[in-house]
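Working through the structure, step by step
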Amino acid sequence: AQSVTQLDSHVSVSEGTPVLLRCNYSSSYSPSLFWYVQHPNKGLQLLLKYTSAATLVKGINGFEAEFKKSETSFHLTKPSAHMSDAAEYFCVVSSSNTGKLIFGQGTTLQVKP
Amino acid sequence: EAGVAQSPRYKIIEKRQSVAFWCNPISGHATLYWYQQILGQGPKLLIQFQNNGVVDDSQLPKDRFSAERLKGVDSTLKIQPAKLEDSAVYLCASSTNRGGYNEQFFGPGTRLTVL
């Protein structure tokens, strides 16, 4: 069975400082992994995806994530937080058979001025 | 390109009442998904359609939930009768079916409150 665990339910950073949102996954085979962002009252938006190509994945809005098989991790980072980054972030693993997405519990990112 | 449309955006009902949600996917997207997102949790897949056929409904509470996708385009999700624990945001998503990974595009969701 596949699953993801987001290690922090809430992360607070100051504007201009680095962001780190942590995610560990469990999968019996090589997974496809994603990060989605959800702003209040808006739909989920794909930030970036890993599908067995380069292990360092760059996404939109300056975010990137690194797939580390040895650590079963897929942490999301950004060098410098912006106020507009405040949102809910979901780490997601996909079933390669059906495309079914399995979401983590989410991490709320707060950005302080 | 128009996104995934959902209606209504908000719905408040009493327990034991019925409710229906509607989704119009992105034009040309063969695959349609319904997710349930309870407050404080990640979305959970309820049902997946490929055209008008069901691919996965293993997590759909079939005693009270039903869904259909007539003609392989629009879809409706119904709850009858509703329970308090059905209070959640119901998200619809769609994707193409070109093999391999296909990005899912999400609608804004319908927020259901059951009193």
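The preceding data block contains the structure.
Description of the structure in this document. (Residues numbered from 1 in each chain as written. Chains lettered and ligands numbered in written order. Predicted model: local features only at pLDDT ≥ 70, side-chain atom pairs only at ≥ 80, totals over all residues. Heavy atoms only, no water.)

What about the environment of Lys 11 of chain B?
Residues and elements named next belong to chain B. For the record, the criterion: Strands are runs of DSSP state E lasting at least 2 residues, helices are runs of H or I lasting at least 4, and numbering of each runs from the N terminus. The cut-offs for exposure are 20% and 50% of the maximum accessible area for each residue type, with area from a 1.4 Å probe on protein chains only; residues under the lower value are buried, those over the upper are exposed, and the others partly exposed. In what follows, residue pairs with any heavy atoms lying within 4.5 Å of each other are defined as contacts.
Take Lys 11: it is sitting in strand 2 (residues 10-13). A residue is classified by how much of its surface remains accessible, and Lys 11, at 35% relative accessible area, is partly exposed. Excluding residues that lie within four positions of it along the chain, Lys 11 makes contacts with Val 19, Arg 111, Leu 112 and Thr 113.

Thoughts on the interface of chain B and chain A
Our working rule: Two parts lose some accessible area (1.4 Å probe) when they are put together, and adding that loss for both gives the buried area. A pairing counts as a salt bridge when a side-chain nitrogen of Lys or Arg comes within 4 Å of a carboxyl oxygen of Asp or Glu. Here a polar contact is recorded for every N or O atom pair within 3.5 Å, except that within protein the pair must consist of a potential hydrogen donor and a potential acceptor, and residues adjacent in sequence are included only if both atoms are side-chain atoms.
Contacts between the two partners involve 22 residues from chain B, matched on the other side by 17 residues from chain A. Taken together, both faces of the contact between chain B and chain A bury some 1500 Å²; the carbon and sulfur share is 53%. Across the pair Lys 100 of chain A and Asp 56 of chain B runs a salt bridge whose closest N-O atoms are separated by 3.9 Å. Inspection of the region where chain B meets chain A yields two residue pairs in polar contact (both at pLDDT 80 or more). Looking at the side of chain B that touches chain A, the elements with two or more residues in it are strand 4 (31-37), strand 5 (44-50) and strand 6 (53-56) of chain B. Broken down by element, the residue count for the side of chain B that touches chain A peaks at three residues, all from strand 4 of chain B.

Considerations on the sheet that holds strand 8 (residues 75-79) of chain B
Each strand in a sheet pairs with its neighbour through backbone hydrogen bonds, running either in the same direction (parallel) or in the opposite one (antiparallel). All names here are of chain B. Put simply, the test is: A pair of strands counts as paired when DSSP detects no fewer than two bridges linking them. For helices, the fitted line uses only the C-alpha atoms of the stretch in contact; every axis is such a line through C-alpha atoms, and the angle between N-to-C directions lies from 0 to 180 degrees.
With respect to topology, four strands assemble into an open sheet ordered 1-3-8-7, the strand pairing being antiparallel. The sheet terminates laterally at strand 1 (5-7) and strand 7 (65-68), the two strands that pair on one side only. The sheet shows a mean angle of 15° between the axes of neighbouring strands, taken without regard to direction. Sheet topology places strand 1 next to strand 3 (residues 19-24); three bridges connect them, and they run antiparallel. Across the sheet, the residue bridging to Ala 5 is Asn 24, located in strand 3.

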